[in-house]
Amino acid sequence: MAVNYNAKEEADGHPSGVGAPGGAGKSRKPDNTAFKQQRLPAWQPILTAGTVLPAFFIIGLIFIPIGIGIFVTSNNIREYEIDYTGTDSSSPCNKCLNVSWNSTPPCTCTINFTLDQPFETNVFMYYGLSNFYQNHRRYVKSRDDSQLNGDNSSLLHPSKECEPYSTSENKPIAPCGAIANSMFNDTLELFRIDNETRIPITLNKKGIAWWTDKNVKFRNPSGNTNNLTALFQGTTKPVNWPKPVYMLDSEADNNGFINEDFIVWMRTAALPTFRKLYRLIERKNNLQPTLQAGKYSLDITYNYPVHSFDGRKRMILSTISWMGGKNPFLGIAYITVGSICFFLGVVLLVIHHKYGNRNTSADIPN
Amino acid sequence: MMICRKKKLLEEERRVKANDPEHNEKFQYANNRIKTSKYNILTFLPVNLFEQFQRAANAYFLCLLILQLIPEISSLSWFTTIVPLMVVFTITAVKDATDDCFRHKSDNQVNNRQAEVLIDGRLQNEKWMNVRPGDIIKLENNTFVAADLLLLSSSEPHGLCYIETAELDGETNLKVRQALPVTSELGADIRRLAEFDGVVVCEPPNNKLDKFTGVLFWKNNRYSLNNEQMLLRGCVLRNTGWCFGMVIFAGPDTKLMQNSGRTKFKRTSIDRLMNTLVLWIFGFLVCMGIILAIGNSIWEQQVGAHFRIYLYWSEVVNSSVFSGFLTFWSYVIILNSVVPISLYVSVEVIRLGHSYFINWDRKMYYPKKDIPAEVRTTTLNEELGQVEYVFSDKTGTITQNIMTFNKCSINGKTYGDVYDDLGWKTEINEKTVPVDFSFNPLADRKFQFYDHSLIESIKLGDSMVHEFFRLLSLCHTVMSEEKNAGELIYQVQSPDEGALVTAARNFGFIFKSRTPETITVEEMGKLVTYQLLAILDFNNIRKRMSVIVQTPDGQIKLYCKGADTVLFERLHPSNEELMYLTSDHLEEFAGEGHRTLALAYKNLTEEHFKEWFKILQEANTSLDSRNEHLAAAYEEIEKDMMLLGATAIEDKLQEGVTETIASLSLANIKIWVLTGDKQETAVNIGYSCHMLTDTMNEIFIVAGHTVTEVREELRKAKEHFFGQSKDLSNGHVFCEKMQESKQGSVLEETVTGDYALVINGHSLAHALEADLENEFVEVACMCKTVICCRVTPLQKAQVVELVKKHRKAVTLAIGDGANDISMIKSAHIGIGISGEEGMQAVLASDYSFAQFRYLKRLLLVHGRWSYFRMCKFLCYFFYKNFSFTLVHFWFGFFCGFSAQ
């Protein structure tokens, strides 16, 4: 199976050398340690039929069940997705398609949908954008982390990286930069339609950001007052925003830079098609599923224009499992690799059985 | 300095006038200051930086750094590049600085040595560096010669002086130089020396150690000068109280400095491979950059333009083409990790590690002298596994350079073998009792002889045995020196002569002293003084030397020793039986790898001698073709001699040489022996270490003196190859390896059968000329063994260069003496044998160890391991970089080619 490189020759190399020469001063004879004489144990696998075939079978036998497990888990995850961009003329949101930033009154639309199966566990509500290059280098760079961390000097003097979104009307922008400026600002509301009555579903807007982001990376400017309006004195809102950063939310611990919607947006996505967590729907009691099967309607305040660059907007409802969201690929990959190994194992076994005995010493001499 | 250099190119002949600085000033000859250092304090930074930036990698990263400083392009912050770059630069600079410091120190030390120079009619102490051509300087015994001097006079009679040239050519024996009679009359008379105003016109500075042609004009006379009158820088004056010399060449013009090969930066083939790979990768990087830049242009056009509401493009120029252009540079920066700066550093670190493993190897440690192996250049380890040609010095490298008188054949009986009680020949081992020489107070303690029968025959007074040793004690050119009573020291020109005289001394025929007319020998305890009538000296054509002496009782005898082939032709017919017997013995000795000599004597009558002496004197005084006349005269008397016997001298091989050579040739490594020794010696050693064997198909000997002769000999050898191998293998004569032929110059031909080539120094000089070198390399490379004898240090280097040039193979040179330095320096890998002949070779080498046999472990174990490990490492490194970078490339397609 493995060959030992361990040098057997050494042990009694130069018996005469030990008490060798000189007497005067230290002998320059090198130390006889395993490391210095390169005798540390080492091995190198040698691939033979005897080692390769079992390896293939074992890999196959381990991977296929794992793959099946993952695949089943992934299939059990409920996921529902609505595209509400409104490019289709029949869509209720078609009227809002060419909306511009901050149009007043805001364009609203409602989309009805039906869930065929109940969502049993906690449901995560996402918004998804397509063709939106949050990963563009200039876009990603365009932020000032120290400003977002509550640094007062950066607040008034945003970094150059934010250009051209660092000042507006001679006032520094807070938060500065292209990322903040393009913050997603559609409002989504979910209703269950039960006998023609619309029952609003409670959407939890806290707990959607990472703990470290909320508590470490993002901080409001400090000062001797808790009044955010005063703290953000001297700054102006980003150009696209309808209202300044200190009016994002009514609750004090979800306002300003530590607004969780804002934090979620500021964590840029890696790919041009992405989803971001919007709200949480918590299961109220154990008797009822979080979302029953049935009719629902989604109310959209359509503020965010994406049509100009062919973007798409989606709303996604999803449950999660131990392996995260719905992802059939991983399971399929495991099953495929496992099957290939198993198949190769069989093929090689056949080959070995048929031709392997031709010379019994098939081992590669080292 | 620059002016001097330019001047030197133009110099066609040199005119130096003694004691006339103004005259010599005109020619601007270099003074005796030498400079081997590269930098001084001011030039260090710019020159060193310039040298470092010549390395492609460093220059590349500098460009990258500059790019990163442009904010529009910069996709990584600039210190990610500058930090590793600075570290690499600093380490290299510190290393270079310390190296140069050492050179400065040694330069200073040499330049500031003191010499006694004749200035204004007085001897004054002057630093070496202030000595100029034309100066007359005085040398004391055992001092270094300061510059290339013309010997004017010395303390010894006839203006003789003895020098040791170890530092020049590695030979430790003494050489004689003789001043011209006219100048030797000057003696130590300072006044007359100061008045000496001879003009020497000679060749321009060159690197030929054994040649000098010049003319001395003095007092309206013209005297021709040759190498016999020259004392070269680097020699040491021995056995001579003092001597005066006139400086001809100084400093950089001396033959020593001209011979020191320029130090080149040695690179391994992995280095070169790495460089080409890096270039390819760089091309690849540019391609990726271009693809992505085009992608960026298209993206900006198609998508980005519409995306502007979220990503404002503030620059004045917002065309998509310009954006693509900027993106190209951004990608060059971001993908730079595919061209790894850390590769060079990591490779260095790995090599350093390997070097330590070699240093630590107990199997390359020589306990007797307490010398471990030492790696002096850490960058060559993996090349060790790739060596194809080994160029080895002989003396001190393959052999121990200890000659011992081992066996002899006297009057048809061999002595020297040991027989056990049953009469079988046995191996000599530690238990064998050596002959006890305690009866002889002057015996050399180190001499060991194991055959007791010889000493018995001496004691019994066997006349032939006595005559044999008398010959050994008389027929030689050894000088003796009796320091204290009972302590006799021999100064020998060749170590085998020394071995013979020492043997005679131990057997009771002690050579005590010589004068030009007499030789005094202590024969079995009683002092006998022989009149030396003539010395018929040795040369390569005669291959023998003789002396004619007159014993105290008036008998005239000729003693001759020489190569068996020439001697046997000149024997008296009555010797035929003995000759066959002796030649059998000689064959036996030679088969054991001994160097053999045959000995003979002849009784002369007074009339006969006188008659012949007249012929000799005529020959001596003849002006034209004197040598031929002399040779004819010698021939006249050296005939009808009586055979005495033969000697066998063992040039002891180092331990394990045979095994090492055998394993190296199994590994398909070709071994060439380059030696300064004479051909017979070299061939003998070839036999004794099994490089030459009797089973070899043919041994070609090239010894031509002219270009055409050499060409003819080479051609014959070549024809022989094909003729012979055709017979052997039915037309499968040779297969041209396609690779080789593509690579170029010389075809590799595999010839069936073993061949060996022995080539002489003077033939080699012709073979190395441009029109013959191809042929030479071709023939030489088809042979299993190549032995070059009588080669100069420079020729050694030339041979190495030749193989390097034509074979594109990795070469290794191994040697121990100063004469091997140029070869060690020009080979890919140079190895110095430490502990025997001084340190010069070791200092110039890349690796050093104490014994030739360690070469096997160095090449076959460490070389192989290093190469394997390095290759694995490189593959892994490139894999790592590619996987790292290609992900970036891929991501480019998802992030709008924005170099994120």
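What you see is a predicted model; the values in this text were computed from it and never measured.

Student: So what's going on with the overall build of chain A? Which residues, and what values?
Tutor: Within chain A, the regular secondary structure consists of nine helices and 12 strands. Over its C-alpha atoms chain A spans a radius of gyration of 32 Å, topping by over 25% the 21 Å that the globule rule assigns to 366 residues. Its C-alpha atoms put chain A at 95 × 65 × 40 Å along the principal axes. The 366 residues of chain A split such that 42% are buried.

Student: Outline unusual backbone geometry, listing residues and values.
Tutor: Backbone phi values are negative for most residues with the exception of glycine, while trans is the configuration of most peptide bonds. Residue A:Ala174 is joined to A:Pro175 through a cis peptide bond whose omega torsion reads -10°. The phi angle at A:Glu169 is positive, at roughly 50°, despite the residue not being glycine. Residue position: A:Glu169 is located in the loop between strand 6 (167-168) and strand 7 (171-172). Residue A:Glu169 is classed as exposed on the basis of its relative accessible area, which comes to 71%. Located in the positive-phi region is B:Asn220, a residue other than glycine, with phi close to 60°. Looking at where B:Asn220 falls in the secondary structure, it is placed in the loop between strand 9 (214-218) and strand 10 (221-225). A relative accessible area of 83% means that B:Asn220 is categorised as exposed.

Student: So what about the interface of chain A and chain B? Which residues, and what values?
Tutor: Tallying the contact residues gives 41 residues for chain A and 41 residues for chain B. The contact between chain A and chain B buries some 3,700 Å² in all, and 57% of this surface belongs to carbon and sulfur atoms. A per-residue breakdown of the area chain A buries against chain B is headed by A:Gln38, A:Arg137 and A:Arg138, which together make up 21% of the total. Run the count over chain A and chain B and you get one salt bridge. B:Glu300 is the salt-bridge partner of A:Arg138, the closest N and O atoms lying 3.7 Å from each other. Our count for the contact surface shared by chain A and chain B stands at 11 residue pairs in polar contact (both at pLDDT 80 or more). Considering every element that reaches the side of chain A that touches chain B, the biggest residue donor is helix 2 (residues 137-141) of chain A, with five residues. When grouped by side-chain class, the residues that make up the side of chain A that touches chain B number 18 nonpolar, 13 polar and 10 charged.

Student: Break down the UniProt feature "active site" (unreviewed entry) in chain B for me, with residues and values.
Tutor: Residues and elements named next belong to chain B. The positions UniProt marks with the feature "active site" (unreviewed entry) are Asp393. Inspection of the secondary structure assignment puts Asp393 in the loop between strand 15 (387-392) and strand 16 (399-410). Dropping the residues within four chain positions of it, Asp393 is found in contact with Ile398, Leu674, Thr675, Lys796, Ile814, Gly815, Asp816, Asp820 and Met823. Polar side-chain contacts of Asp393 include one of 3.2 Å to the side chain of Lys796.

Student: Can you lay out the pairing of strand 8 (residues 199-202) of chain B for me, pointing to particular residues and giving the numbers?
Tutor: All names here are of chain B. Burial along strand 8 is two-sided: Val199 and Val201 facing one way and Val200 and Cys202 facing the other are all buried. Pairing of strand 1 (residues 14-17) with strand 8 involves four bridges; the strand directions are antiparallel. Along strand 8, the bridge assignment pairs Arg14 with Cys202. By the bridge criterion, four bridges tie strand 8 to strand 9 in an arrangement that is antiparallel. Bridging from a neighbouring strand, Val200 pairs with Leu216 of strand 9.

Student: Quick rundown of the pattern of salt bridges? Include the residues and the values.
Tutor: Residue and element names in this part refer to chain B. Using the criterion set out here, one finds 44 salt bridges over all chains in the structure. One salt bridge in this structure joins Glu773 and Lys805, with 2.9 Å as the shortest N-O distance. With Glu773 in helix 25 (residues 770-782) and Lys805 in helix 26 (residues 793-807), this pair connects stretches of sequence that are 32 residues apart. Because the salt bridges share partners, they merge into one network encompassing Arg544, Glu569, Arg570, Glu635 and Glu638.

Student: So what's going on with the sheet that holds strand 5 (residues 123-130) of chain A? Residues and values would help.
Tutor: Residues and elements named next belong to chain A. Taken in spatial order, the four strands of this open sheet run 3-12-5-10, and their pairing is antiparallel. Looking at which strands have only one partner, the edges of the open sheet turn out to be strand 3 (79-83) and strand 10 (274-281). On average, each strand axis in the sheet is inclined to that of its neighbour by 20°, with strand direction left out of account. Bridge analysis of strand 5 against strand 10 gives seven bridges, and the strand direction is antiparallel. Residue pairing in the sheet places Phe124 in a bridge with Leu280 of strand 10.

Student: Describe the state of the cysteines, and please don't skip the residues or the numbers.
Tutor: All names here are of chain A. The tally for this structure, following the rule as stated, stands at three disulfides over all chains. Through a disulfide, Cys96 is tied to Cys107; the S-S separation comes to 1.7 Å. Across the S-S bond of Cys96 and Cys107 the torsion is about -70°, and the bridge reads as left-handed. Separated by 11 residues along the polypeptide, Cys96 in the loop between strand 3 and strand 4 (107-115) and Cys107 in strand 4 bring together distant segments of the chain.

Student: A description of the confidence of the model for chain B should follow, citing residues and the corresponding values.
Tutor: Residues and elements named next belong to chain B. In the predicted model, chain B carries a mean pLDDT of 80, and the fraction of residues at 70 or more is 89%. Every residue in residues 1-8 scores below 50 in pLDDT, and together they form eight contacts with partners more than four places removed in sequence or on other chains. Across the whole predicted complex the pTM is 0.71, and at the interface the ipTM reaches 0.81.

Student: So what's going on with the pairing of strand 31 (residues 755-760) of chain B? Residues and values would help.
Tutor: Residue and element names in this part refer to chain B. The buried fraction of strand 31 amounts to six of the six residues, a majority that puts the element mostly inside the structure. Residues Tyr755, Leu757 and Ile759 point to one face of strand 31 and Ala756, Val758 and Asn760 to the other, with burial holding for every one of them. One ladder, built from five bridges, connects strand 30 (residues 698-702) with strand 31; its direction is parallel. Residue pairing in the sheet places Phe700 in a bridge with Leu757 of strand 31. With five bridges connecting them, strand 31 and strand 32 (residues 785-789) associate as parallel partners. By the bridge assignment, Asn760 is partnered in strand 32 with Cys789.

Student: Could you give an account of the side chain of A:Thr236, naming the residues involved and the relevant values?
Tutor: Position of A:Thr236 relative to the elements: it lies in the loop between helix 7 (228-231) and helix 8 (260-266). Discounting residues that sit within four places of it in the chain, A:Thr236 has contacts with A:Ser168, A:Lys171, A:Pro172, A:Ile173 and A:Ala174.

Reading guide: rules and limits
Residues numbered from 1 in each chain as written. Chains lettered and ligands numbered in written order. Predicted model: local features only at pLDDT ≥ 70, side-chain atom pairs only at ≥ 80, totals over all residues. Heavy atoms only, no water. Helix = DSSP H or I, 4+ residues; strand = E, 2+ residues; numbered from the N terminus. Rg over C-alpha atoms; globule rule 2.2 N^0.38 Å. Buried < 20%, exposed > 50% of the residue type's maximum accessible area, 1.4 Å probe, protein only. Contact = heavy atoms within 4.5 Å. Buried area = accessible area lost by both parts, 1.4 Å probe. Salt bridge = Lys/Arg side-chain N within 4 Å of Asp/Glu carboxyl O. Polar contact = N/O pair within 3.5 Å; in protein donor to acceptor, adjacent residues only side chain to side chain. Nonpolar A, V, L, I, M, F, W, Y, C, P; charged D, E, K, R; others polar. UniProt positions renumbered as here; feature names shortened; annotations may be inferred. Pairing = 2+ DSSP bridges. Axes fitted to C-alpha atoms, helices over the stretch in contact; angles between N-to-C directions. Disulfide = S-S within 2.5 Å. pLDDT = per-residue confidence, 0-100.

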